[in-house]
There are 2 protein chains.
Amino acid sequence: MKIPVIKNLQTANEQVAWENRSLFKQNGIIGINLMGAPGAGKTSFILSTIERLSKNIRPAVIEGDSATAIDAELIASYNIPVVQVNTGDRCNLDAAMVSSTLSYLPIMNMDLLFIENVGSLIFPAGYDLGSSLNMVITSIPEGEDKPLKFPKIFADADLIVLNKTDVAESFNFDKSRFLQGVRSVNGTAPVFPLSCKTGEGVEEWLEWLYGRF
Amino acid sequence: MKIPVIKNLQTANEQVAWENRSLFKQNGIIGINLMGAPGAGKTSFILSTIERLSKNIRPAVIEGDSATAIDAELIASYNIPVVQVNTGDRCNLDAAMVSSTLSYLPIMNMDLLFIENVGSLIFPAGYDLGSSLNMVITSIPEGEDKPLKFPKIFADADLIVLNKTDVAESFNFDKSRFLQGVRSVNGTAPVFPLSCKTGEGVEEWLEWLYGRF
């Protein structure tokens, strides 16, 4: 009698992440784990995207925040399905938190799910939520060195957004140095420089997004 | 528009434990999380039970062990479905490990599942596996004071087995002191003194078990 021996143990987070990812796939949903420092423009990016989004793509949002529902209220004012997760003293979302929101969302009637993680370039790194895409948003005022200072989160990204390009000049932002930093940790993720304020560059990101469906 | 706000967050382990428990319930399986120190007699207890078990109850076993499959091979020699989980440097099973074994077990054709945890009175405490019952086995040579020294694992037990009663005299084991210790941390769990070696007391445990189905 052959005894099955199980050695490569999955963590509970990996298992729940797998379940989330399967559910998204089955329902044709692209789920985006949106990570970035506080003030990088995560919520603005979601709103900029939603405002310009093709009418064929129905968005929904999960808002991660330690205690408030300020961002969720802003998104709800656009009449978009939104669920707030208050993480308390935990500094990132995990797969079980995402899973716990899903019964509140119109899974059968949505195509694009933004999962706004808690504002940090450290803690969300490496936590698989079961998202279809991992995205990092950083912004001009944060400086060019962020990919080198936070290599893990940039290395795991499927796409990177550089926000607030409208103020690049006043910050003397060295874009090629930034891109070099990105490429030293991540060889493949596309980088979208854009401004949620002026709308510059948002269409390029949308074109790429449409190609994912 | 009312925003759902999720605050009482379930951990991934809790979610997977819930899934395991639901699966057991749906299939009429009693899953027993069997915890105890190394040498308490966990595997002997499983074999003593299986040898005397009513033919109507089909057993299966998950064996947790840091590296070996010695216990699993012993159980397989009885022609019982068994899966080995090697936990490596982790000192207890968790719900995801149990979940990862389930596809190797005849879920539709089993009634009683022993989940032999890694030998320890500390690490398995408080990890919900999704079992129907949490059981602690301790043995005469370990002494009367174990419930007081390891209150968490005894407090969470649904039943407690005191093994190796055949050597109680030579160890001058004070049974009433042991029972007092149990009751100081756990007011309700039944205690079954028995000897896997002689079989004394095993029928009482089986009668109780049959009452759970």
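You'll find the structure just up there.
Predicted model, so just to flag it, every value in this text is computed and none were measured. (Residues numbered from 1 in each chain as written. Chains lettered and ligands numbered in written order. Predicted model: local features only at pLDDT ≥ 70, side-chain atom pairs only at ≥ 80, totals over all residues. Heavy atoms only, no water.)

Draft legend 1. The arrangement of the pairing of strand 4 (residues 82-86) of chain B in detail. Counting buried positions over the five residues of strand 4 of chain B gives five, a clear majority of the element. The pairing of strand 1 (residues 5-6) of chain A with strand 4 of chain B spans two bridges and is classified as parallel. Counted as the bridge partner of Val5 of chain A is Gln84 of chain B from strand 4 of chain B. Relative to strand 4 of chain B, strand 3 (residues 59-65) of chain B runs parallel, the two sharing five bridges. Within the sheet, the bridge partner assigned to Val61 of chain B lies in strand 4 of chain B and is Val82 of chain B. (Buried < 20%, exposed > 50% of the residue type's maximum accessible area, 1.4 Å probe, protein only. Helix = DSSP H or I, 4+ residues; strand = E, 2+ residues; numbered from the N terminus. Pairing = 2+ DSSP bridges.)

Draft legend 2. Structural context of the pattern of salt bridges. Residues and elements named next belong to chain A. Under the definition given, this model contains 16 salt bridges over all chains. Across the pair Lys146 and Asp145 runs a salt bridge, and its minimum N-O distance is 2.8 Å. Assessed through its relative accessible area of 13%, Lys146 is described here as buried. Three or more residues joined by partner-sharing salt bridges are found here, namely Asp145, Lys146 and Lys149. (Salt bridge = Lys/Arg side-chain N within 4 Å of Asp/Glu carboxyl O.)

Draft legend 3. A look at helix 8 (residues 202-210) of chain A. All names here are of chain A. Within the sequence span of helix 8, burial applies to Val202, Trp205, Leu206, Trp208 and Leu209. What you see down the axis of helix 8 is that its buried residues fit within an arc of 160 degrees, all on one side. Of the surrounding secondary structure, the elements contacted by the buried residues of helix 8 are strand 2 (30-35), helix 2 (42-52), strand 5 (112-116), strand 6 (133-139), strand 7 (159-163) and strand 8 (191-193). (Arc of directions from axis to C-beta. Contact = heavy atoms within 4.5 Å.)

Draft legend 4. Fine view of the interface of chain B and chain A. Contact residues are listed per partner, giving 33 residues for chain B and 33 residues for chain A. With both chains or domains summed, chain B and chain A bury close to 2,700 Å², and 67% of this area falls on carbon and sulfur atoms. The tally of links from chain B across to chain A stands at zero salt bridges. Across the contact surface, chain B and chain A share 10 residue pairs in polar contact (both at pLDDT 80 or more). Contributions of two or more residues to the side of chain B that touches chain A are made by strand 1 (5-6), helix 1 (12-26), helix 3 (70-76), strand 4 and helix 4 (95-101) of chain B. (Buried area = accessible area lost by both parts, 1.4 Å probe. Polar contact = N/O pair within 3.5 Å; in protein donor to acceptor, adjacent residues only side chain to side chain.)

Draft legend 5. Spatial organisation of the sheet that holds strand 3 (residues 59-65) of chain A. The strand order 8(A)-7(A)-6(A)-2(A)-5(A)-3(A)-4(A)-1(B) describes an open sheet built from eight strands, whose pairing is parallel. Sheet topology places strand 8 of chain A together with strand 1 of chain B at the edges, where each strand pairs with a single neighbour. Here strand 2 of chain A runs beside strand 5 of chain A; their pairing, made up of five bridges, is parallel. The residue of strand 5 of chain A that forms the bridge with Asn33 of chain A is Ile115 of chain A.

Draft legend 6. A look at the sheet that holds strand 2 (residues 30-35) of chain B. Here we have eight strands laid out as an open sheet, ordered 1(A)-4(B)-3(B)-5(B)-2(B)-6(B)-7(B)-8(B), and parallel in their pairing. For this open sheet the edge positions go to strand 1 of chain A together with strand 8 (191-193) of chain B, each flanked by a neighbour on one side alone. Across the sheet, helix 2 (residues 42-52) of chain B touches strand 2, strand 3, strand 5 (112-116), strand 6 (133-139) and strand 7 (159-163) of chain B, and the angle it forms with strand 5 of chain B is around 165 degrees. Of the strands in this sheet, strand 6, strand 7 and strand 8 of chain B touch helix 7 (residues 175-185) of chain B, which is tilted by about 155 degrees from strand 8 of chain B. (Axes fitted to C-alpha atoms, helices over the stretch in contact; angles between N-to-C directions.)

Draft legend 7. Inspection of the side chain of Asn186 of chain A at higher detail. Residues and elements named next belong to chain A. Tracing the backbone through its elements, the reader meets Asn186 in the loop between helix 7 (175-185) and strand 8. Of note is the side chain of Asn186, whose polar atom sits 2.9 Å from the backbone nitrogen of Ala189. For Asn186, the residues in contact, after removing those within four places along its chain, are Phe154, Ala155 and Ala157.

Draft legend 8. Inspection of helix 7 of chain B at higher detail. All names here are of chain B. Those residues of helix 7 that fall on the buried side of the exposure criterion are Phe178, Gly181 and Val182. With its buried residues spanning 100 degrees around the axis, helix 7 presents them on a single face. Exposed side of helix 7, more than 90 degrees from the buried face: Ser176 and Gln180 are the residues found there. Tucked inside the fold, the buried residues of helix 7 contact strand 6, helix 5 (146-149), strand 7 and strand 8.

Draft legend 9. Here's a closer look at the relation of the copies chain B and chain A. At an RMSD of 0.1 Å, chain B and chain A line up after a rotation of 180 degrees and a shift of 0.0 Å along the axis. The symmetry that links the two subunits is that of a two-fold axis. Relative to the rotation axis, the closest C-alpha in chain B is found at Ala12 of chain B, a distance of 2.6 Å. A share of 100% of the interface residues of chain B reappears at the interface of chain A, consistent with the copies meeting face to face through the same patch. (Least-squares fit on C-alpha atoms with pLDDT ≥ 70 in both.)

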